[in-house]
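Structural overview for review
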Amino acid sequence: MARDVVCGMYVDESTAEFKVSRNGVLYYFCSQSCMLQFMQPEIELRRLRYLVAFALAAGAIITVSEFLLPVLLGLHPSGLLLMALATAVQFTAGLRFYRGLIDAIRARQANMDSLIAIGTTTAWAYSALLVLQDLGIVPVLIPAPPGPHRYYFTESTLIIGLILLGRTLEHTVRVRAEEAVRSLYEMHPDKATVIRDGEEVEVPAEEVQPGELVLVRPGERIPVDGVVEEGFTSVDQSAMTGESVPVEKSVGDEVIAGTVNLTGLIKVRAVRTGHETTFSQVIRTVQEAILSRVPLQRLADKVASVFVPVVVSVALGASLFWSLAMGMPASFAVLIAVSVLIIACPCALGIATPAAIMISAGRAARRGILIRSGEALDLLRRVTTVALDKTGTITRGRPEVVRVIAFNGFTERDVLFYAASAERSSNHPIASAILDHARRSGIEVAEPRNAVTRPGVGVEAEVEGRRVLVGKPSSVSGSASQIGDGQLLDPVLELQGSGMTTVLVAVDGVLAGAVALMDRPREEAREVISELRRRGIRTVMLTGDNEVTARAIAEEVGVDGFRASLMPEEKAEVVRELRERGEVVAMVGDGINDAPALTAADVGIAIGSGTDIAKQAGSIVLLRNDLRDVVRAIELSKVTTAKIKQNLFWAFAYNVALIPIAAGILYPFGVLLNPVFSAVAMAMSSISVTLNSMTLYRVSL
């Protein structure tokens, strides 16, 4: 049976009425409500894209018609045509700003929507009135300004288009994150083999009840959280715990739903099933984090909360002053109000933030840093703690041979030869690491005969006529002779104590040597930790691996602290605890087990080699798998945020400076600002913002 990715219920594919295909995957739903909820983000994103395309296209046509055609071809398009295009944009693409204005009025708190709605409406209404006056449809209420540029349809349409473009980019990030969560469901097995009345019965995984006995064959994903009741195997838990080396499981050991049974047949007594499994909790944690993430309170909103009431008050006050106190005609008072409101609408506001972010994102992308959220770019500069996953983030994510020890007259090359030859037919990560190291050392590996995997012991094979056993120290040392006076294994115990995985090699019953393996830190890890500390940023390592291994890695790279043996939701809880203490947290990770923590952090930074869910949960992705890019991203964040603030200043500066003149403060001296000068202010602010943003190209990363 399929799982409804919205509510989590199971649905019978053969009778399901509601289904949708996405990216080659067929999704089933229990109801029309769930199906519509699934489709809603995509529908909204598609609607936004259409509106952006329409607004920008209309703005481009109006711009060409108003500014280029009269100059280049001597053509003067009909004002009625321009008004029709601008009106369509104003009341379709711009409709959401009117809704925002209504909400702002109800909340008694001005915001960006109210600023955009008032400014664009004034520009549109003023221009529409001039068109109707020119056509003789209405009497002359406002004197037409001199000069070729009489209308403000270009400004009203482009402002709406550019603001919606920024919102489209934000919405795209959320939709992709939600799609990544849905992909997690595909990792959970649909079927489970349950032993009922002594017979094997295949049932939907959600129908398994706690206490039932589940049979799991090699290569299958475990469908429930439970305890091994019979059998021995190795389980790949990397998706849930981040451990790079498969974990051996025998009778009495716990197993987790969604992990992969690698080698042996086991019977598992179900403890948690369906929605109660650890796997389901990971999905819920990520979903809750995505839904609860509150967008950054934009600086522009803060400015608008003060700017809008002031501008409206100035416009009304100046209009009333000239009409009532000075006895000027109503047309003059209206012209004053219109001049103030049009000038107060900063055209460059639409590009102030997107221009800086797009240039920064482009610069970052060329260095392999994918920035998917302007919010993350802003928050990153304020990070006080960087939490890092161990496996695949601080370390390389795979075991490597770090030391070979020979005993009883054997050489290190002998030990590697016999170990690699015996493990040649195995696909275990440790076997692959030994084989790779032997080949890089120039050792020609032999073909093993009668290779057998002995559960709980290791691999036994015949290599060039000699019986070779490779496996756990506790098992091999008990099967081999000539281990000396007991001190022979001291180096092995020392290696294990330092967090290394160690296997022993016995040849014809004689202990030949040991091979120590470790998931080694990346070359740049210590350098990055030191640089973050120099910047006053604390580092903490979060891992599902054991305490001994975690401590060894933590001490080697120099992190300020570490937490070991963490499940995915526990990593997210640690991140939340840090945030509750007032820390601004960036989480760096690469696995499914990191997804809850990535979404719980202020900024999620995903390693590019990681899983799709990690990359979608992260608002920043390091495509080059280079931890130094964390530092580069922080530096870029600081520079970009400074540019955004400068841009917002220039977006308002020219307009604000002209507001007093628009209000008529210089009229006693014969100076009255015609609304046409607001076009100059808008152009100057846009040019300033663009040029200022382009200086980001010179930033060194």
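For the structure, see preceding data.
The rules we used
- Residues numbered from 1 in each chain as written.
- Predicted model: local features only at pLDDT ≥ 70, side-chain atom pairs only at ≥ 80, totals over all residues.
- Heavy atoms only, no water.
- Helix = DSSP H or I, 4+ residues; strand = E, 2+ residues; numbered from the N terminus.
- Buried < 20%, exposed > 50% of the residue type's maximum accessible area, 1.4 Å probe, protein only.
- Areas by Shrake-Rupley, 256 points an atom, 1.4 Å probe, with all protein chains shown as cover.
- Pairing = 2+ DSSP bridges.
- Salt bridge = Lys/Arg side-chain N within 4 Å of Asp/Glu carboxyl O.
- Core = buried A, V, L, I, M, F, W, Y, C linked by side-chain atoms within 4.5 Å.
- Contact = heavy atoms within 4.5 Å.
- Axes fitted to C-alpha atoms, helices over the stretch in contact; angles between N-to-C directions.
- Parallel < 35°, antiparallel > 145°, perpendicular 65-115°, else oblique.
- Nonpolar A, V, L, I, M, F, W, Y, C, P; charged D, E, K, R; others polar.
- Phe/Tyr/Trp six-rings, centres within 6.5 Å; stacked < 30°, edge-to-face > 60°.
- Expected span 1.5 Å × (residues − 1).
- Patch = residues over 30% accessible without salt bridge, like charges linked within 9 Å, V, L, I, M, F, W, Y side chains within 5 Å.
- Left-handed = near helix turned anticlockwise from the far one by under 90°.
- Lys, Arg positive; Asp, Glu negative; His and termini not counted.
- Polar contact = N/O pair within 3.5 Å; in protein donor to acceptor, adjacent residues only side chain to side chain.

1. A word on the overall build of the protein chain
- When you go through the protein chain residue by residue, the secondary structure sums to 23 helices and 26 strands.
- For the protein chain, buried positions account for 54% of its 701 residues.
- For the protein chain, the computed accessible surface area is about 30,300 Å², with 56% contributed by carbon and sulfur atoms.

2. A closer look at the sheet that holds strand β12 (residues 260-261)
- A sheet is described by the order of its strands in space; here three strands give the open sequence β10-β9-β12, paired in antiparallel fashion. The open sheet has two edge strands, β10 (247-249) and β12, and neither has a second partner.

3. What about the pattern of salt bridges?
- Throughout the structure, instances matching the rule amount to 26 salt bridges.
- Two residues, Glu523 and Arg396, come together in a salt bridge whose shortest N-O distance is 4.0 Å. Of this pair, Glu523 sits in the loop between β21 (510-518) and α17 (525-534) while Arg396 is found in the loop between α12 (390-394) and β16 (400-406), placing the two residues 127 residues apart along the sequence.
- A relative accessible area of 31% places Arg396 in the partly exposed class.
- In this structure, Asp594 engages Lys571 in a salt bridge whose closest nitrogen and oxygen atoms are separated by 2.7 Å. Of the two residues, Asp594 sits in the loop between β24 (585-589) and α20 (595-600) while Lys571 sits in helix α19 (residues 568-580), which places them 23 residues apart along the sequence.
- Through salt bridges with shared partners, a single network forms among Arg396, Arg398, Glu400 and Glu523.

4. Remarks on the nonpolar core
- Ranked by size, the top nonpolar core spans 69 residues in total, and within it Leu380 and Ile605 carry the most contacts.
- For this core, the leading source of residues is helix α22 (residues 628-662), giving 11 residues.
- Leave out the neighbours within four places in its chain, and Leu380 touches Ala586, Val603, Ile605, Ile620, Ala633, Ile634 and Ser637.
- If you look at the next biggest cluster of nonpolar residues, it comprises 30 residues, including Ala433, Ile434, Leu435 and Val463.

5. Things to note about the packing of α17 against α22
- For the pair α17 and α22, interaxial distance at closest approach is 8 Å and the crossing angle is 30 degrees. In terms of their interaxial angle, α17 and α22 are classed as roughly parallel. For the pair formed by α17 and α22, the contact residues are Glu527, Val528, Glu531 and Leu532 on the first element and Arg628, Val631 and Ile634 on the second.
- Considering only residue class, the contact of α17 with α22 consists of four nonpolar, no polar and three charged.

6. With respect to the packing of aromatic side chains
- Tallied over the full model, the rule gives six aromatic pairs.
- Where Phe649 meets Trp650, the ring centres are 5.1 Å apart and the plane angle is 70 degrees; that geometry is what we call edge-to-face.
- Here Trp650 falls in the partly exposed class, since its relative accessible area comes to 31%.
- Chaining the aromatic ring pairs together yields one cluster made of Phe91, Tyr98 and Trp124.

7. With respect to helix α3 (residues 95-107)
- Between its first and last C-alpha, α3 extends 19 Å over 13 residues, near the 18 Å set by a 1.5 Å rise per residue.
- Residue Arg108 follows α3 closely and has a positive phi angle near 55 degrees.

8. What to know about a nonpolar patch on the surface
- Residues Val64, Phe67, Leu68, Leu72, Leu73 and Leu75 make up a contiguous nonpolar surface patch of about 570 Å² in total accessible area.
- Among the structural elements, Leu73 can be located in the loop between α1 (32-72) and α2 (79-90).

9. Regarding the pairing of strand β8 (residues 225-230)
- Relative to strand β13 (residues 266-272), β8 runs antiparallel, the two sharing five bridges. When the bridges of β13 are listed, Gly226 appears paired with Ala270.
- Sheet analysis places β8 next to strand β11 (residues 254-255), joined by two bridges and oriented antiparallel. Looking at β11, one finds that Gly226 is bridged to Val255.

10. Observations regarding the packing of helix α13 (residues 412-422) against helix α14 (residues 429-440)
- Contact pair α13 / α14: the axes reach a minimum separation of 9 Å and the direction vectors enclose 130 degrees. As far as their axial angle goes, α14 and α13 are oblique. Every pair of crossing elements has a handedness; the one defined by α13 and α14 is left-handed. Contacts between α13 and α14 involve Leu416, Ala419 and Ala420 on the former and, on the latter, Ile434, Leu435, His437 and Ala438.
- The residue inventory of the contact of α13 with α14, partitioned by class, reads six nonpolar, one polar and no charged.

11. Description of the sheet that holds strand β18 (residues 458-463)
- Taken in spatial order, the six strands line up as β16-β21-β20-β19-β18-β17 in an open sheet, and their pairing is antiparallel. Where the open sheet ends on each side, the last strands, each with one partner, are β16 and β17 (449-454). Direction aside, neighbouring strands of the sheet carry axes that sit 20 degrees apart on average.
- Alignment of β17 against β18, held across four bridges, turns out to be antiparallel. Counterpart to Arg449 in the pairing with β18 is Glu462.

12. Section: the side chain of Thr539
- With respect to the helices and strands, the residue Thr539 is situated in strand β22 (residues 538-542).
- Classification of Thr539 as buried rests on a relative accessible area of 1%.
- Residues contacting Thr539, with those up to four places away along its chain left out, are Val386, Leu388, Ile529, Leu532, Val559, Asp560 and Gly561.

13. A closer look at the side chain of Asp519
- Structurally, Asp519 is set in the loop between β21 and α17.
- Buried charged residue Asp519 carries no salt bridge. Nearest counter-charge: Lys390, at 4.3 Å.
- A polar contact of 3.3 Å, which involves the side chain of Asp519, links it to the backbone nitrogen of Arg396.

14. Remarks on the pairing of strand β20 (residues 501-507)
- Most of β20 sits inside the fold, with six of its seven residues counted as buried.
- Sheet analysis places strand β19 (residues 466-471) next to β20, joined by four bridges and oriented antiparallel. Note that in β20 the partner of Gly471 across the bridge is Leu504.
- Between β20 and β21, which pair antiparallel and follow one another directly, the connecting turn spans two residues, one of which, Asp508, has a positive phi of 55 degrees.

15. Observations concerning unusual backbone geometry
- Within the chain, Asn450 stands out as a residue other than glycine whose phi angle is a positive 55 degrees.
- Summarising the element assignment, Asn450 is placed in strand β17.
- Taking the relative accessible area as the measure of exposure, Asn450 reaches 59% and is therefore exposed.
- One non-glycine residue, Glu464, lies in positive phi territory at about 50 degrees.
- Within the element layout of this structure, Glu464 appears in the loop between β18 and β19.

Everything listed here is a matter of coordinates, which is why it stays silent on function.
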